[in-house]
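Structure at a glance
Residue-level listing of the chains:
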Amino acid sequence: MTVYFIGAGPGAADLLTIRGLRILQKAPVCLYAGSLVPKELLDECSLGTRLVDTANLDLEQIMAEFKAADNRGVDVARLHSGDPSVFSAVAEQMRRLDDLRVPYEIVPGVPAFAAAAAALKREFTVPGVGQTVILTRIARQATAMPEGQELEKLAESRSTLVLHLAVQEIDDVVATLAPFYGADGPVAVVAKASRADEQILRGTLSTIAGQVHEAGIRRTAVIVVGPVLTAHEFPDSHLYSTERSRH
């Protein structure tokens, strides 16, 4: 028996990996985040699969499902939105499975920031402009940020900044970042990336909050900040340079 933590991707059902799909089609039990995982993926489950929406379950109730499957000796497909490595609450589940000595594996998925970059048709690491991407969030009605990882500290580098779970606090985000990136610093907000109802907003730190409020975006969105969003004059990368030795 194995619990498979599967990254279901940012929203489009066809962005699930082939490995994840094959596991999903065979697993007798499937736990999924109901409001975030595309319903089309559940159609891939076999007839008779136990489907459990975890949207309204607490951690102990989720663990009870794992224990029951372990007792039966059947695999579990645990679908998480995006990729399990970022803001997925997988670590606490794995810690408990370790204590129970229940085997598990992780199947990567397409993360929200990658889907946002694709929607924006932008590379987040542009030569001479930005070579560092910071994935973070803000602390409001959630776990406090560790010391030294406050948004002000991270903004000092002027790296490409991708904020998850922060669009509801867009006014505070703008006020915090403007001193570092400038009022005219490029910003984009991508909501529901890769889905049919995807929304893309582009602007600056002086205009983006108004756009977000007007569009009514309050969740399932990432905020991207940094000069890579509008960079046009930059050197070609060394990777394909004619001066690079290929021997």
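Quick caveat: nothing in here was measured; it's all calculated off a predicted structure.

The next thing to look at is the sheet that holds strand β5 (residues 104-107). The strands making up a sheet are joined through hydrogen bonds of the backbone, oriented either antiparallel or parallel. Pairing within the open sheet is parallel, and its five strands lie in the order β3-β2-β4-β1-β5. A strand with exactly one partner marks an edge of an open sheet, and here the two such strands are β3 (50-53) and β5. Sheet twist, expressed as the average angle between the axes of neighbouring strands with direction ignored, equals 20°. Pairing geometry for strand β2 (residues 29-32) and strand β4 (residues 76-80), over four bridges, is parallel. Residue pairing in the sheet places Cys30 in a bridge with Ala77 of β4. Along the sheet, helix α3 (residues 59-72) makes contact with β1 (3-7), β2, β3 and β4, crossing β2 at roughly 165°.

Consecutive side chains of a regular strand alternate in pointing toward one face of the sheet and then the other. Of all five residues making up β1, five are buried, and the element is well covered by its neighbours. Side-chain alternation along β1 places Val3, Phe5 and Gly7 on one buried face and Tyr4 and Ile6 on a second face that is also buried. Both β1 and β4 contribute to a ladder of five bridges, which runs parallel. Residue Val3 lies in a different strand from β4, and its bridge partner there is Val76. Alignment of β1 against β5, held across four bridges, turns out to be parallel.

Rules and cut-offs
Residues numbered from 1 in each chain as written. Predicted model: local features only at pLDDT ≥ 70, side-chain atom pairs only at ≥ 80, totals over all residues. Heavy atoms only, no water. Pairing = 2+ DSSP bridges. Helix = DSSP H or I, 4+ residues; strand = E, 2+ residues; numbered from the N terminus. Axes fitted to C-alpha atoms, helices over the stretch in contact; angles between N-to-C directions. Contact = heavy atoms within 4.5 Å. Buried < 20%, exposed > 50% of the residue type's maximum accessible area, 1.4 Å probe, protein only.

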